[in-house]
Structure formats: C-alpha cells, structure tokens
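Secondary and tertiary structure notes
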Amino acid sequence: MNNQKQQKPTLTGQRFKTRKRDEKERFDPTQFQESIVQGLNQTGTDLEAVAKFLDASGAKLDYRRYAETLFDILVAGGMLAPGGTLSDEVTRTDYCLFTANEDLETMQAYASVFNKLIRRYKYLEKGFEEEIKKLLLFLKGFTESERNKLAMLTGILLANGNISASILNSLYNENLVKEGVSASFAVKLFKAWINERDINSVAAMLRKVGMDNRLMELFPANKRSCEHFSKYFTDAGLKELSDFARNQQSIGARKELQKELQEQVARGDNFKDIITYVREEMKKSNISEQTLIGIVWTSVMSSVEWNKKEELVTEQAIKHLKQYSPLLKAFTSQGLSELTLLLKIQEYCYDNIHFMKAFQKIVVLLYKADVLSEEAILKWYTEAHVAKGKSVFLEQMKKFVEWLKNAEEESESDEEEGTD
C-alpha cells in the first residue's frame, strides 16, 4: 500500500499537469483578440498611440503565436474567415485599416504603424508577408473601398522594402484575373508605389523576383496584348508602367529572336529563309535595324567554337564572316546600322582577348564585302568609337583609314577634273 501511494503523484499527477498546460497554450486566441481590440478601441484614430500600444503589448501578448490574428484585426477589425468575411463569433474594432479614410496620407500613416511593429518584433516579418498574400487572395470578399486602401498600403510597403514583390503572385489567381479585380487593384498599388519611389525602383524590384515579364498576366488571356495593357494603364495615369511593360515585351521578343536565329545559323539554314524570317519578326515586334544587326552579329559569332590561339582565330574568323557577310549585309542598309555593327565588333574583340589583333582584318573584310561603307568606318574612327580597346584598335586601323581618305580625295579630284 505504501508503494502505491508513492507511485500515484509521480505518474498520473505530473502527466495530467503537462497536458493541461499544452491545451491552454495551443488553443483559444479569443483572449489575445480581446486584448488587441480593447487597446485599439481605447487609442482610436490616434495612430501614434496605436504604434505605442502595439509596441508595449508585444512584451505581454504572444505575437509569435497569434501573428495572423493580430494582422487580421489591424487590417479588417477582426478575424477573417476564408474568403475574406469577418467572423461573427468574436470581438471586433471599428479602428482598423478598412475603416480609415481612403487617401494616400492615411495609408502612409498605417504603413508606418506596420513598419514600426515589424522593426520592433523582427519575427513578425514572415507572418506579415503571409498575411498580405492571403489578403490579396481574399480581394473579392472586400468592398471596392477596402481593396483600394489595401492596394495603396501594399504599394507603400513595397516601395519601402517592408515586403517582397513576390507577394504579387497572389494577384495571378485565376478568379481575380478573370473578373478584372487584379488589374484594377494593380493600378492603385502601382500608383502608390511609384508615388513613394519611381518607375526604376519598381522595375528593379520586379526584376529581382522575376516578375518584370509577367505584368500582362494581370489580364484575362483574351485581353493579354501590349495594346490593351498600354491603353489600360496609360488611361489610369500610369504611362511609365505602360512604357516599362512594352519595353520588357520587346526585350522578350529580342531574346526569342536571337535564340531562334542562333539555331538557324547553327543548322546552316538557307540565308534567304533566315532573312525572310528575321524581317517578319522585325516587323511583328517593331525591332529597329540598329537593334537587329547586334542580334545578327551575336548569333553569327556564337555559332562557332573559336580557336584559343590568337594566330589561328583570325584566320578562322575571316573565313566564317566571309561566309556570313550576306546575312550581315541584309541588315546594314542604314548608316546607323553600320556604326552599330562596328561598335559591336569593337566590343567583341575587346571582350574576347584572343580577337584583339583580328579587329582590323574583320573590318576590312566587311568593307570589301560591301557590309561597311567608308563613311561609317571614317565616322567610327574619328568620333563614334567607344573606350574599349580604343588605342589598340585605332592604331590597327590607322593605315587603312589613311588609304580610305586618300582614295576619297583622289575620287573627288577626278570628279572635279571631269566637271572642268
């Protein structure tokens, strides 16, 4: 009997106590919610006081466990059920983002509250991003005014680096896109973002998360055109964003063209077919000849595995470029295109060290093949060259340029004699 009395408190008593504590910690956010709601009701619309209250409460309340509850209350006034409706079962407050004034200044003040809170309690950072992602998926459950406020707040937070632009993936939800919610939300968001920073900052953040080429996806498939995007955002006062998207689409088209052209060159396709294809793509994607000659040069030069020996690579380059000179000639009908090609050759020979001595021979070959004119070469020599390898290449070209000038003078002299 004595043995049984000793066993009871150590086994069942201790086990029961631990289980009860676990249950209390794991469940019931009601008390947490009531504490936050009561504090917000007391501070009212004084956002400085709200920031101080949240700062102090973090020492007493379990923000780590109830982050979602905390952010739901600050944004919507209470806990959100799936879909974005407020739960009827719990206490709410009328002092939150969704009941605030719908203007940029007020949203900036709210962004400051969130910023201070997350700087003070760094562990809330991830939870806050998850909250914004969730709220974006709930957009259809909010009123237009609530969506506008959330859009402005999100734009300001993005501008200040409080959240990553990857949260915008939520806007590509099929239902939001289909009903036009994503595009209208994006207008308010980007306006606030650009207002805080500028289009370059927006572009940099979108590139960082690989979303710079996905803006068209804010529209349903049947409206996913450059023209529609441009009109929609330009009419909304966001021409900068429209121009950026157009430029990104152009970059995408150029990359696709270069990839296809490299494959055609590598296969040894007929020049006539290649030229026809390239001209069609030029027209379709509105690519200038100056841009295109750079793509053609890169494609031609990347289709070969070059010899690493300087004395052999020049011979190899001349043979290769002689073969492809008709392709280069097809896209140097303008003086600017010729200059662009000369600069591409200069940069290529500088960047690929074993081509340094090949520059003059390449230029002379293309002059003889009628790809480069004497006017373009003389202009490059006197004023249009870039800094890369300048002294080396100008020295290489010196004798040839003198020959061109003498030939030009003789030609002018013959013309004068003929006139007399």
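This report concerns the structure included in the present document. If you're wondering where the values come from, they're calculated on a predicted model, not measured in any experiment.

1. Concerning the overall build of the protein
Helix and strand content of the protein: 19 helices and 0 strands. For the protein, buried positions account for 43% of its 420 residues. Surface summary for the protein: the accessible area is close to 23400 Å², and the carbon and sulfur share equals 47%.

2. Points about the pattern of salt bridges
Under the counting rule described, the total for this entry stands at 19 salt bridges. We note a salt bridge from arginine 267 to aspartate 269, for which the minimum N-O separation is 2.8 Å. Glutamate 310 is paired through a salt bridge with lysine 357; the nearest N and O atoms lie 3.5 Å apart. Here lysine 357 lies in the loop between helix H16 (335-351) and helix H17 (359-368) and glutamate 310 lies in helix H15 (residues 310-329), a separation of 47 residues in the sequence. Assessed through its relative accessible area of 56%, lysine 357 is described here as exposed. The structure contains a network of salt bridges with shared partners spanning Glu68, Asp72, Glu131 and Lys134.

3. Description of the packing of aromatic side chains
One pass over the full model with this rule turns up 24 aromatic pairs. Taking the centre distance of 6.0 Å and the plane angle of 80 degrees together, the rings of phenylalanine 219 and phenylalanine 233 count as edge-to-face. Taken together, the residues phenylalanine 219 in the loop between helix H10 (199-208) and helix H11 (226-235) and phenylalanine 233 in helix H11 connect sequence positions 14 residues apart. The pair phenylalanine 219 / phenylalanine 233 is uniform in exposure class, with both members buried. Pairing phenylalanine 271 with tyrosine 324 gives two aromatic rings, centres 5.2 Å apart and planes at 55 degrees, and the pair type is tilted. Residue phenylalanine 271 is located in helix H13 (residues 271-285), and its partner tyrosine 324 is located in helix H15; the two are separated by 53 residues in the primary sequence. Assessed through its relative accessible area of 22%, phenylalanine 271 is described here as partly exposed. Its relative accessible area of 6% is what places tyrosine 324 among the buried residues.

4. Structural notes on unusual backbone geometry
Phi is positive for aspartate 370, close to 65 degrees, though the residue is something other than glycine. Checked against the element boundaries, aspartate 370 lands in the loop between H17 and helix H18 (374-384).

5. Thoughts on the side chain of arginine 147
Mapped onto the elements of the fold, arginine 147 is located in helix H7 (residues 144-159). The buried charged residue arginine 147 lacks any salt bridge partner; its closest oppositely charged side chain belongs to glutamate 144, at an N-O distance of 5.8 Å. Sequence-distant contacts of arginine 147, defined by excluding residues within four places in its chain, comprise Leu139, Lys140, Phe142, Val181 and Phe185.

6. Some words on the environment of glutamate 48
Inspection of the secondary structure puts glutamate 48 in helix H3 (residues 47-57). Considered as a pair, glutamate 48 and valine 113 are 65 residues apart in the sequence and their alpha carbons are 7.7 Å apart.

Analysis parameters
- Residues numbered from 1 in each chain as written.
- Predicted model: local features only at pLDDT ≥ 70, side-chain atom pairs only at ≥ 80, totals over all residues.
- Heavy atoms only, no water.
- Helix = DSSP H or I, 4+ residues; strand = E, 2+ residues; numbered from the N terminus.
- Buried < 20%, exposed > 50% of the residue type's maximum accessible area, 1.4 Å probe, protein only.
- Areas by Shrake-Rupley, 256 points an atom, 1.4 Å probe, with all protein chains shown as cover.
- Salt bridge = Lys/Arg side-chain N within 4 Å of Asp/Glu carboxyl O.
- Phe/Tyr/Trp six-rings, centres within 6.5 Å; stacked < 30°, edge-to-face > 60°.
- Lys, Arg positive; Asp, Glu negative; His and termini not counted.
- Contact = heavy atoms within 4.5 Å.

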